[in-house]
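Observations on the model geometry
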Number of protein chains: 2
Amino acid sequence: MIKTDVLIIGAGPTGLFCAHQLGLIGLKSEIVDNLSKVGGQCIELYPDKPIYDIPAIPECTGEELTNNLLEQIKPFNIKFHLNDRVEEVKKNQNRWSVVTVNKKEFNVSSIVIAGGVGSFEPRKFSIKECEKFEGKSIFYSIKDKNIFNNKTVTIFGGGDTALDWAIELSNNCKINLVHRRDEFSGAQASVEKIKKLHSVGKINLYTKFQLMLIKGSQNIDSIIIKHDNETTKEIKTDYLLGFFGLIMQLGPILNWGLNLNKKTIKVNTENFETNQSGIFAIGDICSYPGKLKLILSGFHEGALAARGCFKYARPEEKLKFEFTTTSKLAKERLGIK
Amino acid sequence: MIKTDVLIIGAGPTGLFCAHQLGLIGLKSEIVDNLSKVGGQCIELYPDKPIYDIPAIPECTGEELTNNLLEQIKPFNIKFHLNDRVEEVKKNQNRWSVVTVNKKEFNVSSIVIAGGVGSFEPRKFSIKECEKFEGKSIFYSIKDKNIFNNKTVTIFGGGDTALDWAIELSNNCKINLVHRRDEFSGAQASVEKIKKLHSVGKINLYTKFQLMLIKGSQNIDSIIIKHDNETTKEIKTDYLLGFFGLIMQLGPILNWGLNLNKKTIKVNTENFETNQSGIFAIGDICSYPGKLKLILSGFHEGALAARGCFKYARPEEKLKFEFTTTSKLAKERLGIK
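Below you will find a few notes about this structure.

Time to look at the pattern of salt bridges. All names here are of chain B. Under the definition given, this model contains 22 salt bridges over all chains. With its nearest N and O atoms 3.6 Å apart, the salt bridge here joins Lys-74 to Glu-71. By relative accessible area, which is 56% here, Lys-74 ends up exposed. Lys-90 is the partner of Glu-88 in a salt bridge, and the nearest nitrogen-oxygen pair spans 3.6 Å.

Structure below.
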């Protein structure tokens, strides 16, 4: 069990800077993120695209922004728990008990949700019966490609991930590639390669088709796909792979008793606390009148939320407002002599 | 008469970044500041002291911060009106008429007050009758030292400005130096020099004395100063110079009909508008529940206030929220191809 002052959910720019603000006022924090690396959307969606509205930084990429923030929080030795996700949050006397998917347990005085627009999760087949095959015959990402050797694999999707896997797996498997449109959106070179593999009989192509039905009980026997013109086709297959891109999901946050507004969490603007005392929400995931989904707003929200956390972590103390330029204590905490 | 969308009062970091946010959404702005250079408190109070809490900038000086912001707003060609101060603000149909000390006139749809903690002004003598001599026989700063030639000048103060002028003017004037304490706070070398000039009869020294009374009608004939032990002394003098340091004054802002809270202006947190529609206040000068006087909060406040200004500048249009990373329009405005 990890006991600390604050658990931050989300390692994007907002979560990182909140850790800095907590450190400056003497609070300890740790960060959980379900991605495998730090940086959130900045790193996941636009690591190399320039951003122009970070104050006093005329231009930087998502990766540079993340690296600058990591440099800035270095003095506080923040511990990251990546590839993990908070599942359960429970009030525990005046504190909160938190359990993650990887069964890590935290005991904290506050939680700061800096979860962006939610967790990135693969978009799935819309047919209900797919759920029972998920993880057995239906996959949305590939961990071990060897399980497909010498099997028939039907891949759905028209983007790079679908095309790349179709090309890669065609070496050892029989491949059906199904796409709901006529045109593929992946790189032109990959599209050419797919067409070539199709022309030599290594890949079967079904365009303007979508999944209609699955036949089979334990395993998949075959599937029925439907063309735009309503005609159908039955294909024998062992596995289905769906590559429809990522969507954002709030996930377990929905079950924590928070006031929600569509896919965001309602907060006050005094310290960005939610309706649950001791749980704060900052960055793109929070909502209040006037909210803009700007990174710079997340910084402000994190600074005020940090002061909100102080009340719970040190109920007996009064926090004195100080500037980093002149505060001896802040400089000590930053390791500056 | 200058007609533009927004007049920003204050060229500190908050005002500068607000101009950036206005530019990004297509609004024109100009900036008035009573200092002679851009940068506000950052430049006036700590140009070379490091700041550690600008997000994603682990360490920078006030001067570097200002230069970065100037670089960032370059694409918008913001016009600055330095050494000037807004005196009068009047509603003019749906817009605002603004007049400065230097008699510049503006017609704008909104005003953003980013005035920090007010204007820097010299601390003055506390005796009411001093006002009528101000600018004639009493000065708090020196524009032309030649007017004092061959006159008797009585300097009040114990800091560097008082000592430096006492030394300088002792070449051509008879100098009395009056200080309310026994010790001077100026540089040791200056203190030594003052003592030397005193010992050779070039400067009269009166320590532990304060101004009590002024005699004279058009010009000053003499003054009476009082010692800590209640004894008094009359000194003949032509001029009084007061060097008691700078204080912050809200100045004319007090007369614009704004809701004040001590020395700050009350705003909402939706767009940082004041009780006067079309007048916004951001940065250290504004107050709302939770307000922290952090530069990073001023950035957030400026971003939201800019959207508030849009309503007044383009009442017929709806502002679409866009990210600089992906917005074609924002990139055009930033001059990026």
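So, next bit.
Here the focus is the nonpolar core. By size, the foremost hydrophobic cluster in this structure holds 134 residues, and its most contacted members are Ile113(A) and Ile113(B). When residues no more than four places from it in sequence are discounted, the contact partners of Ile113(A) are Ile9(A), Ile253(A), Trp256(A), Leu258(A), Ile265(A), Ile279(A), Phe280(A), Ala281(A), Ile282(A) and Ile285(A).

Residue and element names in this part refer to chain B. The strand order across the open sheet built from three strands is β19-β20-β22, with neighbouring strands paired in mixed fashion. What marks the edges here is a single partner per strand, and that holds for β19 (260-261) and β22 (286-287). Pairing of β19 with strand β20 (residues 264-266), which is carried by two bridges, proceeds in the antiparallel orientation. Bridge pairing links Asn-261 to Thr-264 in β20.

Residues and elements named next belong to chain A. Axis separation between helix α1 (residues 13-24) and helix α3 (residues 62-73) bottoms out at 9 Å; the angle between their running directions is 15°. One finds that α1 runs roughly parallel with respect to α3. Handedness of the α1/α3 crossing: left-handed. Along the contact surface, α1 presents Pro-13, Leu-16, Phe-17 and His-20, while α3 presents Leu-65, Thr-66, Leu-69, Leu-70, Gln-72 and Ile-73.

All names here are of chain A. Given a rise of 1.5 Å per residue, 12 residues ought to cover 16 Å, and the 17 Å separating the end C-alpha atoms of α3 matches this to within 8%. Three or more residues of α3 are buried, namely Gly-62, Leu-65, Thr-66, Leu-69, Gln-72 and Ile-73. On an axial view of α3, the arc spanned by its buried residues comes to 125°, and they lie on one face. The inward-facing, buried residues of α3 abut α1, α2 (40-44), β3 (50-51), β4 (60-61), β5 (79-81) and α6 (295-313).

Listed as interface residues are 43 residues of chain B and, on the opposing side, 43 residues of chain A. Three residues stand out in chain B for area buried against chain A, namely Tyr52(B), Ala56(B) and Thr325(B), and they jointly supply 18% of the buried area on that side. If you look at where chain B meets chain A, you find zero salt bridges. Applying the counting rule to chain B against chain A returns 19 residue pairs in polar contact (both at pLDDT 80 or more). Those elements that place two or more of their residues in the side of chain B that touches chain A are α1 (13-24), β3 (50-51), α3 (62-73) and α6 (295-313) of chain B. Of all the elements, α6(B) adds the most residues to the side of chain B that touches chain A, at eight residues. Partitioned by chemical class, the residues of the side of chain B that touches chain A number 25 nonpolar, 10 polar and eight charged.

Evaluation of the coordinates by the stated rule reveals 22 aromatic pairs over all chains. A centroid spacing of 6.0 Å and a plane angle of 80° characterise the contact between Phe139(B) and Phe148(B), whose relative ring orientation is edge-to-face. Judged by centre distance (4.9 Å) and plane angle (85°), the rings of Phe148(B) and Tyr239(B) are edge-to-face. Placement of the pair is Phe148(B) in the loop between β10 (138-139) and β11 (152-156) and Tyr239(B) in strand β17 (residues 239-242), with a sequence separation of 91 residues. Side by side, Phe148(B) and Tyr239(B) carry an identical accessibility label, which is buried. Among the aromatic residues, those joined into a cluster by ring pairs are Phe125(A), Tyr140(A), Phe156(A) and Phe244(A).

Scoring rules and cut-offs
Residues numbered from 1 in each chain as written. Chains lettered and ligands numbered in written order. Predicted model: local features only at pLDDT ≥ 70, side-chain atom pairs only at ≥ 80, totals over all residues. Heavy atoms only, no water. Salt bridge = Lys/Arg side-chain N within 4 Å of Asp/Glu carboxyl O. Buried < 20%, exposed > 50% of the residue type's maximum accessible area, 1.4 Å probe, protein only. Core = buried A, V, L, I, M, F, W, Y, C linked by side-chain atoms within 4.5 Å. Contact = heavy atoms within 4.5 Å. Pairing = 2+ DSSP bridges. Helix = DSSP H or I, 4+ residues; strand = E, 2+ residues; numbered from the N terminus. Axes fitted to C-alpha atoms, helices over the stretch in contact; angles between N-to-C directions. Parallel < 35°, antiparallel > 145°, perpendicular 65-115°, else oblique. Left-handed = near helix turned anticlockwise from the far one by under 90°. Expected span 1.5 Å × (residues − 1). Arc of directions from axis to C-beta. Buried area = accessible area lost by both parts, 1.4 Å probe. Polar contact = N/O pair within 3.5 Å; in protein donor to acceptor, adjacent residues only side chain to side chain. Nonpolar A, V, L, I, M, F, W, Y, C, P; charged D, E, K, R; others polar. Phe/Tyr/Trp six-rings, centres within 6.5 Å; stacked < 30°, edge-to-face > 60°.

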